[in-house]
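Here is what each chain is made of, one letter per residue.
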Amino acid sequence: MSALRKCQPFLFVLLLLFVSFSVCAQTKVLRGVIRDEQSGEPVPFASMQMEKSGHGLLSDSAGGFTMRFEQWPKDTLRITYVGYQPYALILNDSLMRRAVNDSLFVYITMARGRYNNEVVVRAKVDFGLLLWRKIKKHKEQNDRYRFQNFSYELYNKLELDLNQVNKERLETVKLLKPFAFILNNVDSSEEHPFLPIYITETLSDYYYVRDPVTKRREVIKGSKTVGLNNESVSKYLGGMQQNLDFYNNFIPVFDKRFVSPLSNNGDFYYRYRIIDTQYVNSRRLLHLIFTAKRKGENTFEGDCWVHDSSFAIQKMTLRLDASSNLNFVRELTIIQEFSLINDTTWFLSRDKFVATLAPLGKNRMGMIGRKTTTYKNIVYNDSSVVREVDKNKISEEIMFSENARQRSDSFWLKYRHEVLTKNEKAIYKMVDTLTNMPAFHTYANVLNFIGTGYLNIGNYVIGPWYNWIYANELQGFRLRFDLGTNKGFNKNLILHGYMAYGFGDKVWHWEGDALYLFKRNPRMSLYAMFRQDLDYGQQYYDEITSDNIFAIAVRKPGIPIKFINLTEQQVQWFNEWLNGFSVTFTADHKVYNPELNLAPLSDFIKGPGNPMNGFELSVNLRFAFLEKFFETTFYRTSLGSEFPIIDVKYTHGFPGVLGSTLTYNKLFVSISDIIKVPPIGTLYYNFFGGKTTGVQPFPFLNVAPGNETYYYNKYAFSLMNKYEYLHDQFLGFNFEHNIGSGIFRFTPLTRKLKFRQFYNVKLLWGHLSTENAAYNNNQDYTFKSLDGKTYMEIGTGVDNIFRFLRVDFIWHVLPTGQDLSYIQKFGVFGSFRLQF
């Protein structure tokens, strides 16, 4: 008996184990993760309920859930979450056969729905609005820019995918057969199959100091851009250009500014509602959703989780409102997550930007861009940050560590913040294979030739093709051929030249030019050019040149082209400093000879020598503070500056050099800027003016910029012809306000078509001295002059027609008078541009 008593504890344990194993053997386990269909982010605290049994639960903070059953039920699991379409998971035999050892794991992707299906009921106390006011009141205590300084290690990953890929159809396209292996990477696990095609990674240390002068510094430690070795792209993928701050009043989305739900005026644009309360890590979080009050404005819809005592944002999800005026973007999601770095301090820990682009239409193949950024090693209010930023030569500086763009795979395995997924690893392998395929480079060259006009052939380049064929009154049918070098020839030197022949005048024309880059950042270069060709008139004002096949189709009828031959030799030295200041020294020798529809050279001969032979030296001072560029090997395109750009140019003409006969002084000044003024759009302005001394022939004075085509030119006067107005001193003002949706957001049709509104004003004051008027006006050709009067055009129109067409309606306002009956009073112009 005593022996039995001694065995009781042992028997009890055996019985307990037996029961446990029996229960485990009988228990069926359903596990899963709920994710957003577009962004792939987890959906936390989603409501789940069985239709028949009524059993329910919530997903956890990471979107996960676990359900246990004695037997697999034949039921339907309904999943709901605000802002998403309801999801039904049917639990049937077909699904259960996928279970392994009585355990089944499912991925559930929820499609975007609406936040405001319900009727809005006005309550005496609007708790959502009260919470928003609390968040706004505590913005300064929770925004990371409250600190005197901070730094962190930043990891940026950008992935591009083709979505809605029809693999079977693509496999039948003969042109794609050399690249058939790419289709093996098509991911069909989601409702819309997608093909990952590109990925880049950047790792950097970012530093910020607020006072006494705001300074930023970024040191890029690693940049992995397989197949795209471009420094400006690496800079853009760093942290300096990727600063999203939900606490700001406005949030940049491509080239637009959207009103933040946390804006100081957010209650004017949004409705707020509290829908839930949850505890995460023993902290109470309030679930706040927000929707736009009106359609057609640049606003979001979405939700956020708010810490109930500090009113700091723990996580916020922004989605593009369906009526927002943004081109080619079918869906857009922006997410920011914040973490506690001590008991009281919330700091940004992760953000994600996912955009689904559909340039060909909603149901056609498009592209998904996914940018994920994580933040580690956060330091704030520390002297080490100040010491690092003090190394800056200017207020904002991006530096590359040695070999930052040639980091090994072992470096990325050690330092990247997130492990690459299977798809992401496959992209690197695929891109590496493509870049080593001759067929890929052939296809890329052909597409580049069609799109840009230039074709690379070894170390040389031909084009642009749109200048090959042209016809005009003087030259008749004209053929032109361009030949140049590319970076394969020399990484610092580019050569270019062309020959053209007119079958009407039977004259050869040509040009040769060279550019040598001594430095790229900041830039220092030497440029030389010599040419003998027609000067088609003020080409530096034209958005389309006058010597290509497209210009013929859009010319105004009945206006003769003015032809003037130009022989020119030019040498130019350019030097730039990091602060945005640059100087250009130019030596220029020009010899003009009017050919047709202008006064002939003989009308200007008053003594020995060619009256249109001029040699000049000029200095151009330019200041563009913190101007940003997109750079290729030799050339760069300005992305603008947040500050006004100032240009001052002084020119002096010297007689007796290379046969020159002219003496003059010229001064030109320009101030321009593009200003974002959300929520009412963008402003552009340009003040300009100049003066030329002495009595000079018209090519050496100021010929007011006219437009003789129906293609709208931002820099020219639309109802004025070229060589119509002549001045030796002038002032001008160019202003345009792109409003955005404007009045078009008030009607459903124009809101759906995404029309955009704008208006512009152009002014010119000019004077021509009596001596210059007498010298340049004769029986063969007579110029007009404003003589102190104001020339004014105003315009408005419709932008974004079919996503790329703009129509301008232009009225001539000033000057007025009976003797001005020759002036065109009204005109309609068109132009094309791709924009978001």
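Residues numbered from 1 in each chain as written. Predicted model: local features only at pLDDT ≥ 70, side-chain atom pairs only at ≥ 80, totals over all residues. Heavy atoms only, no water.

### Some remarks on the overall build of the protein chain
Secondary structure summary: the protein chain contains 14 helices and 42 strands in total. Across the protein chain, the fraction of contacts at a sequence separation of at least 24, relative to all contacts at a separation of at least 6, is 64%. (Helix = DSSP H or I, 4+ residues; strand = E, 2+ residues; numbered from the N terminus. Contact = heavy atoms within 4.5 Å.)

### Remarks on unusual backbone geometry
In this structure, the amide linkage connecting Pro678 to the following residue, Pro679, adopts the cis form with an omega of 10 degrees. Its place among the elements puts Pro679 in the loop between strand E34 (664-676) and strand E35 (682-692). Backbone geometry at Asn377 places phi at a positive 50 degrees, although glycine is not the residue there. Residue position: Asn377 is located in strand E19 (residues 366-380).

### Describing helix H11 (residues 438-452)
Note that an α-helix has 3.6 residues per turn; residues three or four places apart therefore point the same way. Between its first and last C-alpha atoms H11 spans 21 Å; for 15 residues at 1.5 Å apiece the expected length is 21 Å, and the two agree. Once H11 ends, the next one or two residues include Gly453, with phi positive near 95 degrees. (Expected span 1.5 Å × (residues − 1).)

### Examining the packing of aromatic side chains
Summed over all chains, the structure comprises 55 aromatic pairs. When the centroid spacing of 6.2 Å and the interplanar angle of 20 degrees are considered together, the rings of Phe733 and Phe735 count as stacked. Note on Tyr781 and Phe783: the rings are 4.9 Å apart at their centroids and 65 degrees apart in plane angle, and the pair reads as edge-to-face. Residues Tyr781 and Phe783 agree in their burial class; the two are buried. The structure contains a cluster of three or more aromatic residues connected by ring pairs, namely Tyr145, Phe147, Phe150, Tyr152, Tyr206, Tyr208, Phe347, Tyr375 and Tyr380. Sitting over the face of the ring of Phe758, Arg806 holds its NZ or CZ atom 3.8 Å from the ring centroid. (Phe/Tyr/Trp six-rings, centres within 6.5 Å; stacked < 30°, edge-to-face > 60°. Buried < 20%, exposed > 50% of the residue type's maximum accessible area, 1.4 Å probe, protein only. Lys NZ or Arg CZ within 6 Å of the ring centre and 35° of its normal.)

### Quick word on the environment of Gly689
Along the chain, Gly689 turns up in strand E35. On the basis of relative accessibility, which here comes to 10%, the residue Gly689 falls in the buried class. As for Gly689 and Gly732, which are separated by 43 residues in sequence, their C-alpha atoms are 6.0 Å apart. Residues in contact with Gly689, not counting those within four places in the same chain, are Leu667, Phe668, Val669, Phe730 and Leu731.

### As for the pairing of strand E18 (residues 346-357)
Taking burial as the measure, the 12 residues of E18 include 11 buried ones, the bulk of the element. The pairing of strand E17 (residues 329-340) with E18 spans 11 bridges and is classified as antiparallel. If you follow Leu340 over to E18, its bridge partner there is Trp346. Where E17 folds back onto E18 in an antiparallel hairpin, the turn is made up of five residues. In this structure, E18 lies alongside E19, joined through eight bridges in antiparallel fashion. Directly across from Phe353, in E19, lies its bridge partner Lys371. (Pairing = 2+ DSSP bridges.)

### As for the pairing of strand E28 (residues 563-576)
Looking at chain direction, strand E27 (residues 523-535) and E28 are connected through 12 bridges and run antiparallel. Across the sheet, Ala528 pairs through a bridge with Val571, a residue of E28. Of the strand pairs in this sheet, E28 and strand E29 (residues 581-596) are connected by 14 bridges, and their pairing is antiparallel. Directly across from Phe574, in E29, lies its bridge partner Thr584. Taking the residues that link successive antiparallel strands as the turn, the E28-E29 hairpin has four residues, and the phi of Gly580 there is positive, at about 95 degrees.

### Focus: the pattern of salt bridges
Pairs can form between side chains of opposite charge once their charged atoms are near each other. Under the defined criterion, the tally for this structure stands at 37 salt bridges. Linking Arg350 and Glu337 is a salt bridge whose minimum nitrogen-to-oxygen distance equals 3.3 Å. Highlighted residues: Arg350 in strand E18 and Glu337 in strand E17, separated in sequence by 13 residues. Arg350 sits in the buried class, given a relative accessible area of 18%. Put simply, Glu41, Lys157, Lys315, Glu337, Arg350, Lys352, Glu418 and Glu424 are held in one network by salt bridges that share partners. (Salt bridge = Lys/Arg side-chain N within 4 Å of Asp/Glu carboxyl O.)

### Brief notes about the side chain of Gln757
Among the secondary structure elements, Gln757 is positioned in strand E39 (residues 756-767). In terms of polar contacts, Gln757 uses its side chain to reach the backbone amide nitrogen of Ile743, at 3.0 Å. If we ignore the near neighbours within four places in the chain, the residues touching Gln757 are His737, Asn738, Ile739, Gly740, Ser741, Gly742, Ile743, Phe744 and Gly797. (Polar contact = N/O pair within 3.5 Å; in protein donor to acceptor, adjacent residues only side chain to side chain.)

### A few points about the side chain of Asp535
Of note, Asp535 is situated in strand E27. No salt bridge is formed by the buried Asp535, whose closest oppositely charged neighbour, Arg531, lies at an N-O distance of 4.8 Å. Excluding residues that lie within four positions of it along the chain, Asp535 makes contacts with Lys562, Ile564, Leu566 and Tyr592. (Lys, Arg positive; Asp, Glu negative; His and termini not counted.)

### Some points on the confidence of the model for the protein chain
Do not read the fine detail of predicted coordinates wherever pLDDT is low. Residues at a pLDDT of 70 or more form 89% of the protein chain, whose mean pLDDT is 84. With pLDDT under 50 throughout, residues 1-7 is counted as low confidence; its partners more than four residues away or in other chains account for zero contacts. (pLDDT = per-residue confidence, 0-100.)

### Some thoughts on helix H10 (residues 422-435)
Counted at 1.5 Å a residue, the expected span for H10 with its 14 residues is 20 Å, and the 21 Å between its end C-alpha atoms agrees. Among the residues of H10, those classed as buried are Glu424, Ile427, Tyr428, Met430, Val431 and Leu434.

### So, the environment of Pro193
Relative to the assigned elements, Pro193 resides in the loop between helix H5 (167-171) and strand E9 (194-209). Residues Pro193 and Asp161 lie 32 residues apart in sequence; the distance between their C-alpha atoms is 10.0 Å.

### Examining the sheet that holds strand E1 (residues 28-36)
The three strands are arranged E4-E1-E7 in an open sheet whose pairing can be described as mixed. This sheet does not close on itself; its edge strands, each paired only once, are strand E4 (64-69) and strand E7 (103-110). For this sheet, the mean angle separating the axes of adjacent strands, direction not counted, is 20 degrees. Two elements, E1 and E7, share eight bridges in a ladder whose sense is parallel. Paired with Arg35 across the bridge in E7 is Thr109. (Axes fitted to C-alpha atoms, helices over the stretch in contact; angles between N-to-C directions.)

### Some points on the sheet that holds strand E3 (residues 56-58)
Strand order in the open sheet made by the four strands is E3-E2-E5-E6, with antiparallel pairing throughout. The sheet is open, and its two borders are formed by E3 and strand E6 (87-91), each paired with just one other strand. Between one strand axis and the next, the sheet turns by 20 degrees as a mean value, whatever way the strands run. One ladder, built from five bridges, connects strand E5 (residues 75-80) with E6; its direction is antiparallel. Bridge pairing links Thr76 to Ile90 in E6.

### Some remarks on the nonpolar core
Counting residues in hydrophobic clusters, the biggest one holds 44 residues, and the most contacted among them are Phe300, Ile313, Met316, Leu318, Leu332 and Ile334. In terms of residue count, E18 provides more of this core than any other element does, five residues in total. Excluding residues within four positions of it along the chain, Ile313 makes contact with Ile135, Tyr247, Leu262, Cys304, Trp305, Val306, Phe338 and Trp346. (Core = buried A, V, L, I, M, F, W, Y, C linked by side-chain atoms within 4.5 Å.)

### A look at a nonpolar patch on the surface
A surface patch of nonpolar side chains, amounting to about 680 Å² of accessible area, comprises Leu621, Phe623, Ile646, Val648, Tyr650, Leu667, Val669, Ile671 and Phe687. Contributions of two or more residues to the nonpolar patch are made by strand E30 (613-623), strand E33 (645-654) and E34. Residue placement: Ile646 occurs in strand E33. According to the relative accessible area criterion, Ile646 is partly exposed, its value standing at 35%. (Patch = residues over 30% accessible without salt bridge, like charges linked within 9 Å, V, L, I, M, F, W, Y side chains within 5 Å. Areas by Shrake-Rupley, 256 points an atom, 1.4 Å probe, with all protein chains shown as cover.)

### Digging into the environment of Glu397
With respect to the helices and strands, Glu397 occurs in strand E20 (residues 396-400). Taking C-alpha positions, Glu397 is 6.5 Å from Glu218, a pair spaced 179 residues apart along the chain. A polar side-chain atom of Glu397 sits 2.8 Å from the main-chain amide nitrogen of Lys393.

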